[in-house]
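# Analysis of the macromolecular model
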Amino acid sequence: MNNKIITSLTKQYWPYGLICIWAVACWTFFQFCYPYHFFYKEQNQLFLWTADYLGTYSGPGWLARMAGDFLTQFYFYLFAGSVILTIVLLLLGDIIRRTFHNFGFGKWAFLIGILAMTLEAWRHFHYGYSLSSTISLIGYALALWLCSLVFKKRKKLSFILMLMAMLPCWLLFGKPQAGKFIGPEWELEKLLAVDNEYYWGHYTKVKQLVENDTNRSPYAVFLYNLAQAQKGQLPDNLLQIRPIEMGTLWKIGPDAPLLETKMINELYYVLGDVTYAERAAMMGNVFAPDNRNVRMIKRLAECNLISGDRPAADKYLRILKNTFAYRNWAELAPTLSVYKEKAQFINKKDTIRLGDFARTILLELLDSNPQNIAALDYLLCTDLTTGDIGSFKSDYDRYCIERNAPRIKPLYQQALLIYMAGTQAPSEELFRYVTDTKQLSDFNEYNKVRGTAMTSKYHDTYWYYFDKNFQNKKQ
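First, a word on what this report is: a plain description of the structure on this page. Just so we're clear, the structure is a prediction, and the values are computed from it rather than from any experiment.

Secondary structure assignment for the chain yields 25 helices and zero strands. Since a compact globule built from 475 residues should have a radius of gyration of about 23 Å, the 29 Å found for the chain marks it as more spread out than a globular shape. Its C-alpha atoms give the chain principal-axis dimensions of roughly 105 × 60 × 40 Å. Expressed as a percentage of the 475 residues in the chain, the buried residues total 49%.

For the rest of this paragraph, the subject is the packing of aromatic side chains. Using the criterion set out here, one finds 46 aromatic pairs in the structure. Here the aromatic rings of Y198 and Y203 are separated by 5.6 Å at their centres, their planes lie at 40°, and the arrangement is tilted. Ring-pair connections join several aromatic residues into one group, and the members of that group are F47, W49, Y53, Y57, F70, F74, F76, Y77, F324 and Y326. Over the face of the ring belonging to Y269 we find R299, whose NZ or CZ atom lies 3.7 Å from the ring centre. The ring of Y269 has K342 sitting right over it, with the charged end atom 4.6 Å from the ring centre.

Y378, Y396 and Y462 are the most contacted members of the largest nonpolar core, which totals 101 residues. With sequence-adjacent residues up to four places away left out, Y378 is seen in contact with F222, N225, L226, A229, L234, M246, T248, L267, L271 and L362. Among the nonpolar cores identified, the runner-up in size contains 30 residues, and F38, A64, I95 and L131 belong to it.

Let's shift gears to the environment of A80. Relative to the helices and strands, A80 resides in helix α5 (residues 80-102). Along the backbone, A80 and Q31 are 49 residues apart, and their C-alpha atoms lie at a distance of 8.8 Å.

About the criteria used
- Residues numbered from 1 in each chain as written.
- Predicted model: local features only at pLDDT ≥ 70, side-chain atom pairs only at ≥ 80, totals over all residues.
- Heavy atoms only, no water.
- Helix = DSSP H or I, 4+ residues; strand = E, 2+ residues; numbered from the N terminus.
- Rg over C-alpha atoms; globule rule 2.2 N^0.38 Å.
- Buried < 20%, exposed > 50% of the residue type's maximum accessible area, 1.4 Å probe, protein only.
- Phe/Tyr/Trp six-rings, centres within 6.5 Å; stacked < 30°, edge-to-face > 60°.
- Lys NZ or Arg CZ within 6 Å of the ring centre and 35° of its normal.
- Core = buried A, V, L, I, M, F, W, Y, C linked by side-chain atoms within 4.5 Å.
- Contact = heavy atoms within 4.5 Å.

Below, the structure is given as structure tokens:
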């Protein structure tokens, strides 16, 4: 008797069990395997809860876009993105299931609903696919469901209603986005993970993510070096991760990739040039979809707080106060000490630049404030990564020796040894610059085995890097 009851219940409720399994699998995948795509989508838009802003939603599909953008802003919160997406997909699947059940498909309607949810979830693998498109499909599915309610009794009437519903559906929900059926973008997800952990200030996590990745993108290495610079450890880790990318040779312009344009504002912000950080953030916002990017708006507010332009800062803060996720930050931002501290490092030189030549910017920042260690390390490390030992020695003299503040780092000691050897400097000058006796003995040992397989022992030194990338090419 019990077996019959269990069998009956299984046959009756197996579709619901299948949907529950699907929902758990969907939530688990997007939450633990693919979460950073949600943060990218949230940061790449802006939703304000004001009448003026809501009035900008007009034309075909205004309701779908408004609803999608409203929900997407909550991707800001941990766990919210996967929950919202799973619920929206379940809603789509359930409406489709009910619709096909009314059209006489019986239990096959469950499988059709699951198939529809799966295909739509698949399209959300793409970083550019919006939640608004799924809501647009829900709108059309609702219209079809209403028509299916009268299908059994009045088939012709249901067909007429379906045709009549097309115009209001198009006005409210527009045309669904032509999403691509692609596999998970794992490489992009890894980059977004590094980007967001950096954005949140989790520099130890950034270090772990990049060091554990064997197929690193230049953008991930750029963020890695930027994180190390803020801890004063850029020269300690510069040669640990290849390829070396510091971003100082990037140029902002019409041909610059959007990702570089958005990232380079981080570089100038850390170095202290808020004018160029503001310029890059403005361009990143201009080239964002619909010219709306909440991360860039926040950076614009920060730049103006640092530079002391309070009216301009208040303009951006008022925008952010009308959001749900950034409201509290916008209220507290003017009182935060971090912006007063960063104001000490801004560029105080009176000049008009014709281009974003990083070396000029770094020199001006250091002349404005010699205590700007991040700018100093970026100047010296840029010299070294380009193989310009002469400029490195000149910059080291100007900002370290002449100011009686030598920056004793193994990387810099190794580079100074190359310069001293190349210029055949006398012993008293050598020991004036090179105080690390271990580096001196290692350099002598390196020169003995130079050009042999034994040099691989020194693969993490600047001597090895310089010979491999610059010295051999000269020869």
